[in-house]
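Tertiary structure, described
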Amino acid sequence: MAVRPLVILPDSKLRLVSEPVGPITDEVRALAADMLETMYDAPGIGLAAIQIGVPKRLVVVDLGKTAEDRNPMVLVDPEVTWASEDKRVHEEGCLSIPEYYEEVERPEKVRVRYRDLKGDTVETDADGLLAICLQHEIDHLNGVLFVDHLSRLKRTRLLKKFEKAAKRESADA
Ligand code: ZN
């Protein structure tokens, strides 16, 4: 297992639509292990494979606040199969958009179908923080970022800020 470097805005990889995982091989299991380690190291509560530069439809989630509370979920090829009409506003952040938090409105409850690492198909109903986290991560698989749910003004301002920061960094290097 290894902590992998995170892909940060404005990297265009974040806009890729990820490919289905296909058969669950040792390589897929190793990728999931690296993703969990990278997420815990950050720390964060969710990570999509594209955030470490791998365009595969693989997501890891763990809402545990401490090492003792850990309860990792690995979702292979997850999809939202139902979303409630009721919406909820919650402040979100993203490991690929460091130190930026903003309120986003999303369906309050969702049903998600995925395969686990044994290859079994699982369908689960989620609400609360899990529902938000799963929608956020599944968005990543489709090249969508949480800031895409904000107003154009906020998004443009944020993008400019990150583009400037990236330029500064490449000038320093
Ligand atoms: Zn994210």
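Scroll up to find the structure.
Residues numbered from 1 in each chain as written. Predicted model: local features only at pLDDT ≥ 70, side-chain atom pairs only at ≥ 80, totals over all residues. Heavy atoms only, no water.

**Some points on the coordination of the zinc ion**
Looking at the zinc ion, one finds its protein donor set to be Cys94 (SG), His136 (NE2) and His140 (NE2), positioned 2.1 to 2.3 Å from the metal centre. In the primary sequence, the donor residues of the zinc ion line up as C-x41-H-x3-H. On the criterion of sequence distance, the pair formed by Cys94 in strand β4 (residues 87–94) and His140 in helix α2 (residues 128–141) is long-range, its members being 46 residues apart. Each member of the pair Cys94 and His140 is classed as buried. (Donors = N, O, S within 2.8 Å, 3.2 Å for Na, K, Ca; no water. Helix = DSSP H or I, 4+ residues; strand = E, 2+ residues; numbered from the N terminus. Buried < 20%, exposed > 50% of the residue type's maximum accessible area, 1.4 Å probe, protein only.)

**Re the nonpolar core**
Nonpolar side chains in soluble globular proteins generally cluster together in the buried interior. Core analysis: the largest hydrophobic core is formed by 16 residues, its most contacted members being Leu31, Met35, Leu58 and Val60. Elements that contribute at least two residues to this core include exactly α1 (26–41), β2 (58–61) and β3 (73–83). The element that contributes the greatest number of residues to this core is α1, accounting for six residues. Once residues lying within four places of it in the same chain are set aside, the contact partners of Val60 are Ala32, Met35, Leu36, Met39, Ile45, Gly46, Leu47, Met73 and Val74. With 15 residues, the next largest nonpolar core counts Val59, Val112, Ala126 and Leu134 among its residues. (Core = buried A, V, L, I, M, F, W, Y, C linked by side-chain atoms within 4.5 Å. Contact = heavy atoms within 4.5 Å.)

**Description of the pattern of salt bridges**
Per the stated rule, a full pass over the model turns up eleven salt bridges. A salt bridge links Asp26 to Arg29; the nearest nitrogen and oxygen atoms lie 2.8 Å apart. With Asp26 and Arg29 both in helix α1 and three residues apart, this pair spans about one turn of that helix. Relative accessible area serves as the criterion here: at 58%, Asp26 is assigned to the exposed category. (Salt bridge = Lys/Arg side-chain N within 4 Å of Asp/Glu carboxyl O.)

**Examining the packing of aromatic side chains**
Summed over the entire model, instances satisfying the criterion amount to one aromatic pair. An angle of 35° between the planes, with centres 6.2 Å apart, marks the rings of Tyr100 and Phe146 as tilted. Of this pair, Tyr100 sits in strand β5 (residues 97–107) while Phe146 sits in the loop between α2 and α3 (152–172), and the two are 46 residues apart along the sequence. The residues Tyr100 and Phe146 share a single accessibility class, namely buried. Lying over the aromatic face of Tyr40, Arg70 brings its terminal NZ or CZ to 3.6 Å of the ring centre. (Phe/Tyr/Trp six-rings, centres within 6.5 Å; stacked < 30°, edge-to-face > 60°. Lys NZ or Arg CZ within 6 Å of the ring centre and 35° of its normal.)

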